[in-house]
Amino acid sequence: MHTKKISLLVLLVVMTFTACENLHSDIDISLQQNYSEIVAAIDNMDKSLSEKLQLIQEALSSGFADDAEAQQLLQQAVSTLSGTLAEKLSAVETALKSRTSSLELKLGLVEAAIKEGLADEKAQLALIQTAIESTDGTVEEILAAVEASIKGQTLSLETKLALIESVLKESLVDGPSGLDMIVEAIESLTGTMEEKLKAIEKAAGNQASSLSAKLGLIEAAITKGLTDYAGAVSLIQKAVASLDGSSAEKLSAVETAIKNQTSTLALKLGLIEEAVADGFAGTLEQQQLLDEAIEALEGTAETRLAAIKDAIGSQGSSLSSKLGLIEAAIRNGLATSQQKQGLIQQALASLEGTLDKKLAAIDTAMMRQTDSLTTKLGLIVAELEGGFADEATALGQLKTAITTLAATLDDPQAAYSVAAAIDSIDTRLSADGAIGKALSDLLVAVQGLNYTEILTSMSQAIKDLAALLKKTVHEYVDLGLPSGLKWATCNVGATKPEEYGDYFAWGETETKSNFTWGTYSKFNPSGDGNTFTKYTVDGTTVLEAIDDAATANWGGSWRMPTDGEWAELFNNCTSILTTQNGVRGLLLSAPNGKKIFLPAAGYMENTSLEEDGTCGYYWSSSLELGSGNDCAKMVVSDEVDRFGSRLFGISVRPVSN
């Protein structure tokens, strides 16, 4: 029994209850009645719930009870109801139709009825709508009452969420205003951050609220800093787990939430992913949902694409889901094929965790049957550029991506075979060695498979990939030079600073075993007086990128340094001949403490390696003029102003701006 002594009251407020129409006269309370007598009236089973509701309203208005005490009285009033469950629920509905009670008091009654087991969570929305419909006043006055209830601290977050849904359903507010109300409901939460988050988690699992409302709740929680996008995943899981009905009914609820224009695309992406994980959305449904999510975006093409980029950059969704979103964006004309690679790189950059976890996410994406092969190839390209994988790993992923397509083949008579597509990979990969063997194994694995994708576009993607497979991620050192130039830590063809690497004739991009005029690609042996086919008297004194061994083999912004850049290096660093890991060479130390090592790799003439271990020879990209144009400038040990015949095989140390 709920009692309160009169001594707890600071002041008895003089009050007179006037019996309302259809209310018993015995609810009148004398001037001297105290709180205990009010409680006794609430406990009286002979009084109707409508009478008790009016009595509690008067107690609130006259200061006999605060909001928390009023909620206790409401709970007591419901618990003393007699009759069957249906009769009790009917009494609640009758009380909710009262025109004299405030909306907040009626909402408290709904909450009390649910706690007492008279109505389940699904019936909550209907009861709240009854309460709103019986509230007198203009739309503005009703909304003011709604906002007051949302800002109050006595109602649960679930009840507030259902209230917001009701005013949305009644078209009293629009979607953005509804989201603002959800934010206000979040702001009304009291307690620690952990307690607030628990309240949100509970509301996310409430069966009375729609999936759309729960997405709004999760978004509001992110806005108020109670969770991040990664933490939102667990809230989405709770929201999806609370769905009842058949798979078709659950899928319908997801579609409704996806079409809602107030939720962010990132949250919708997480929702779609959870629908797939829970098994009531397959790959085809996933594609449809992604298309619907993009169609629901508002604004210009630029703002819609910006929303897609935000979703791709969020950390709450899997890499596979993001790749599906990218393909949907292209299908819907919001992203071009040229923009696709940048979006893939952004999706890859959003991955968190160790390298192993990132590679595992990529492997999972490779096995998805709904993503196109070109998207998977773009992902492999992005991971190579980002340094996530080496050549062997990339080739393994390429094998997985292609063999996964076998399960989706529907036209065994397709015009092109996978094997033919793989054959279009750059011929360098067919050479002997680890890469050649991996490629050979790949060709065997896919022999005879056919698929229906357009291979003309895929073929170019594979060729682009092949160019990158020859390139690994190369480290550099910022020596603090005036130009800001970055120097690579090792030579072209080497993996460690002390390795010699490959030897190149000046202007050639591939190494060879014999360095003579007869094997020099830009030498004209015809004897017509024009000794060279390029870099002669045409005025070109610096190597073009197409003839630069650093650019051709490492790609990106890597290139061979000019003679002036070699001079800058030596003028700003101290050098000393030393031995590193058993290899003789020159150690250059910059004022900022950074260092690079140039091994004494010697040079190649004919088929012989000369002066290795004694001198280091390095090409610059500058042609030596006035020497018959048969020479180019180079560095010998620490002497910059030297030149040698173009045909010599000499080391290349790349630089990057």
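The structure presented is a predicted model; accordingly, all values stated were derived computationally and were not measured.

Asks: Just to check I follow, could you spell out helix α5 (residues 103–115) for this structure?
Replies: At 3.6 residues per turn, the α-helix brings residues three or four places apart onto the same side. Under the 1.5 Å per step criterion, the end-to-end length of α5 is 19 Å for 13 residues, consistent within 8% with the ideal 18 Å. Considered for burial, the residues of α5 that qualify are L103, L105, K106, L107, G108, L109, V110, E111, A112 and A113. G117, located one to two residues past α5, shows a positive phi value of around 85°.

Asks: When you look at the sheet that holds strand β3 (residues 574–580) in this model, what are you seeing that I'm missing?
Replies: In any sheet, the strands associate via hydrogen bonds between backbone groups, in a parallel or an antiparallel arrangement. The three strands lie next to each other as β3-β4-β5, forming an open sheet whose pairing is antiparallel. The open sheet terminates on both sides in strands that have one partner only, identified here as β3 and β5 (595–599). Taken pair by pair, the neighbouring strands of this sheet meet at an average axis angle of 30°, ignoring direction. Where β3 meets strand β4 (residues 583–589), seven bridges bridge the pair, whose relative direction is antiparallel. Note that in β4 the partner of I576 across the bridge is L587.

Asks: Where do I start with the pairing of β4 in this structure?
Replies: Within a regular beta strand, the side chains point alternately toward one face of the sheet and then the other, so they alternate between its two faces. Of all the seven residues making up β4, six are buried; the element is thus mostly covered by neighbouring parts of the structure. The loop that links β3 with its antiparallel partner β4 comprises two residues; one of these, N581, has a positive phi angle of about 50°. Summarising the sheet, β4 and β5 pair through five bridges and their orientation is antiparallel. Note on β5: the bridge partner recorded for L586 is L598. The turn joining β4 and β5, which pair antiparallel and follow one another in sequence, is formed by five residues; a positive phi near 90° is taken by G593.

Asks: In this structure, what is going on with the nonpolar core? I would like to understand it.
Replies: Generally speaking, a soluble globular protein has its nonpolar side chains buried in company with each other. Among the nonpolar cores identified, the biggest contains 120 residues, and L109, I200, L271, I308, L319, L325 and L379 are the most heavily contacted of them. The element best represented in this core is helix α11 (residues 211–223), accounting for eight residues. Setting aside residues up to four positions removed in sequence, L325 forms contacts with L265, L269, L290, I294, I308, A311 and I312.

Asks: Looking at this structure, I do not really get the packing of aromatic side chains. What am I missing?
Replies: Here the structure, examined in full by the defined rule, presents seven aromatic pairs. Residues W566 and Y618 carry aromatic rings whose centres are separated by 5.8 Å and whose planes lie at 50° to one another, so their mutual orientation is tilted. Pair noted here: W566 is in helix α26 (residues 563–572) and Y618 is in strand β8 (residues 617–623), with a separation of 52 residues, a long-range link. Look at W566 and you get buried, because its relative accessible area is 0%.

Asks: Mind showing me how you'd approach the environment of Q341 here?
Replies: Looking at where Q341 falls in the secondary structure, it is placed in helix α18 (residues 337–349). Separated by 36 residues in sequence, Q341 and L377 place their C-alpha atoms 9.8 Å apart. With near-sequence residues (within four places) excluded, Q341 lies in contact with G378, V381 and A382.

Asks: Just checking my understanding: could you explain the pattern of salt bridges for this structure?
Replies: Pairing of side chains with opposite charge becomes possible as their charged atoms draw close. A full pass over the atoms with the stated rule returns nine salt bridges. Put simply, D291 and R331 hold a salt bridge, and the shortest N to O gap is 3.0 Å. Pair noted here: D291 is in helix α15 (residues 283–295) and R331 is in helix α17 (residues 319–331), with a separation of 40 residues, a long-range link. The exposure class assigned to D291 is buried, which follows from its relative accessible area of 18%.

Asks: Just checking my understanding: could you explain the confidence of the model for the chain for this structure?
Replies: Detailed reading of the predicted coordinates is not advisable wherever pLDDT is low. Mean pLDDT over the chain works out to 76, with 79% of the residues at or above the 70 mark. For the chain, the element scoring lowest by mean pLDDT is helix α22 (residues 418–423), at 42; β5 scores highest, at 93. Overall, residues 406–471 carries pLDDT values under 50, and its contacts beyond four positions in sequence, including any with other chains, amount to 93 contacts.

The rules behind the values
Residues numbered from 1 in each chain as written. Predicted model: local features only at pLDDT ≥ 70, side-chain atom pairs only at ≥ 80, totals over all residues. Heavy atoms only, no water. Helix = DSSP H or I, 4+ residues; strand = E, 2+ residues; numbered from the N terminus. Expected span 1.5 Å × (residues − 1). Buried < 20%, exposed > 50% of the residue type's maximum accessible area, 1.4 Å probe, protein only. Pairing = 2+ DSSP bridges. Axes fitted to C-alpha atoms, helices over the stretch in contact; angles between N-to-C directions. Core = buried A, V, L, I, M, F, W, Y, C linked by side-chain atoms within 4.5 Å. Contact = heavy atoms within 4.5 Å. Phe/Tyr/Trp six-rings, centres within 6.5 Å; stacked < 30°, edge-to-face > 60°. Salt bridge = Lys/Arg side-chain N within 4 Å of Asp/Glu carboxyl O. pLDDT = per-residue confidence, 0-100.

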